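Summary of structural features
Each chain, written out:
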Amino acid sequence: MPSKAVGQRRRPTQERAKETRQHILDTAARLFGDRGIENTSTNRIAAEAGLSIGTVYRYFSDRTVIVEELLERLLESIERRFTERLDRAERSVEDMTADILAAICDELVDNAKLVRALAAGVQFYNSGIPEFEPRLRLLVKVLLIQILGPSDDHELDVMAFVLVNTGFSAVLRASALEVDPEERREAIVMTARMIGAWSTAEIERRAKDSA
């Protein structure tokens, strides 16, 4: 049975390993955003991070794995922001939608250069922004059930597909670096208004059909 002292010695090593891994990812994210993915080698990442190339390879087998890890980190952050705002208590669909879209937009603006690099690397890495859609669609289905109540699963899938492509496309374009903050706010408000109007009409249609 390992002694308590052994466990205490291991913890700093594990923490350092975690910090080193995050440092490599942070450095790669900055370089990918500034230079593009294809123009950034693992050697360049190692040099910028102040590490040996062997250390980088100890954590990531190649550049593609780094890209996948950065994408996963971005997706998890967006999912967290989304789920934190799913509570409908005393809020209209329009207000909640605007809050969700603004939160996602903030995340994309904070990582705008990296998002652009990931989008540009879609074909080369068979990864990138399209990965958002299937994962966001599940969250949107949860939102739709909250708004509309239990529904046919296929119908929910179609609705989620439409809403994700409407809402997220607007957010993705609004979060571009060249978009003015006021224009970004207006795009989010207008998109939320349209989704809110659609949800009201859908609720009324369902009530009429069930009458």
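Residues numbered from 1 in each chain as written. Predicted model: local features only at pLDDT ≥ 70, side-chain atom pairs only at ≥ 80, totals over all residues. Heavy atoms only, no water.

Along the chain, the regular secondary structure elements total 10 helices and 0 strands. The secondary structure elements of the chain, listed N-terminal to C-terminal, are α-α-α-α-α-α-α-α-α-α. Per-residue burial for the chain yields a buried fraction of 39% across its 211 residues. Put simply, the chain shows about 12200 Å² of open surface, and 52% of that area lies on carbon and sulfur atoms. (Helix = DSSP H or I, 4+ residues; strand = E, 2+ residues; numbered from the N terminus. Buried < 20%, exposed > 50% of the residue type's maximum accessible area, 1.4 Å probe, protein only. Areas by Shrake-Rupley, 256 points an atom, 1.4 Å probe, with all protein chains shown as cover.)

Attention now moves to the pattern of salt bridges. Scanning all chains against the criterion turns up 22 salt bridges. Put simply, R81 and E107 hold a salt bridge, and the shortest N to O gap is 2.6 Å. Separated by 26 residues along the polypeptide, R81 in helix α4 (residues 63–84) and E107 in helix α5 (residues 93–110) bring together distant segments of the chain. Like R81, the residue E107 is buried in the burial classification. Bridged by salt links that share partners, the residues R80, E84, R85, R91 and D99 form one connected network. (Salt bridge = Lys/Arg side-chain N within 4 Å of Asp/Glu carboxyl O.)

Time to look at the packing of α5 against helix α9 (residues 153–174). One way to put it is that α5 packs onto α9 with a least axis distance of 9 Å and a crossing angle of 40°. Taken as axis vectors, α5 and α9 run oblique relative to one another. Pair α5 / α9 crosses with right-handed handedness. The residues of α9 that touch α5, namely those facing L101, I104, C105 and L108, are G167, F168, V171, L172 and A174. Its residues assigned to classes, the contact of α5 with α9 shows 8 nonpolar, 1 polar and no charged. (Axes fitted to C-alpha atoms, helices over the stretch in contact; angles between N-to-C directions. Parallel < 35°, antiparallel > 145°, perpendicular 65-115°, else oblique. Left-handed = near helix turned anticlockwise from the far one by under 90°. Contact = heavy atoms within 4.5 Å. Nonpolar A, V, L, I, M, F, W, Y, C, P; charged D, E, K, R; others polar.)

A word on the confidence of the model for the chain. The predicted model of the chain averages 85 in pLDDT, with 88% of residues at 70 or higher. Confidence, read as mean pLDDT per element, is least for helix α7 (residues 122–125) in the chain (46) and greatest for helix α2 (residues 42–49) (97). Here residues 1–11 is a poorly scored stretch, pLDDT under 50, and it has 0 contacts once near neighbours within four places are set aside; other chains count. When the criterion is pLDDT under 50, residues 123–128 qualifies, and its contacts beyond four places in sequence or with other chains add up to 14 contacts. (pLDDT = per-residue confidence, 0-100.)

Core analysis: the largest hydrophobic core is formed by 49 residues, its most contacted members being F32, I66, L70, F82, I104, L136 and L144. Of all the elements in the fold, those that place two or more residues in this core are α1 (4–35), α2, α4, α5, α6 (112–120), α8 (132–148), α9 and α10 (181–210). Ignoring anything within four residues of it in the chain, the contact list for L70 reads L25, A28, A29, F32 and L114. (Core = buried A, V, L, I, M, F, W, Y, C linked by side-chain atoms within 4.5 Å.)

With that settled, the discussion passes to the side chain of R81. Overall, the relative accessible area of 18% leaves R81 in the buried class. Within polar-contact distance, the side chain of R81 engages the backbone oxygen of A103 at 3.3 Å. A distance of 2.6 Å separates the side chain of R81 from the side chain of E107, its partner in a polar contact. (Polar contact = N/O pair within 3.5 Å; in protein donor to acceptor, adjacent residues only side chain to side chain.)

What follows is about a nonpolar patch on the surface. The grouping of V158, F161 and V162 at the surface amounts to a nonpolar patch, some 240 Å² of accessible area in total. Residue classification places V158 among the partly exposed positions, given a relative accessible area of 41%. (Patch = residues over 30% accessible without salt bridge, like charges linked within 9 Å, V, L, I, M, F, W, Y side chains within 5 Å.)

All right, on to α2 then. Taken residue by residue, α2 has T42, I45, A46 and A49 as its buried positions. The buried residues of α2 all sit within an arc of 100° when viewed along its axis, so they share a single face. Residues of α2 that are exposed and point more than 90 degrees away from the buried face comprise N43 and A47. Once α2 finishes, G50 follows within two positions and takes phi at roughly 70°, a positive value. (Arc of directions from axis to C-beta.)

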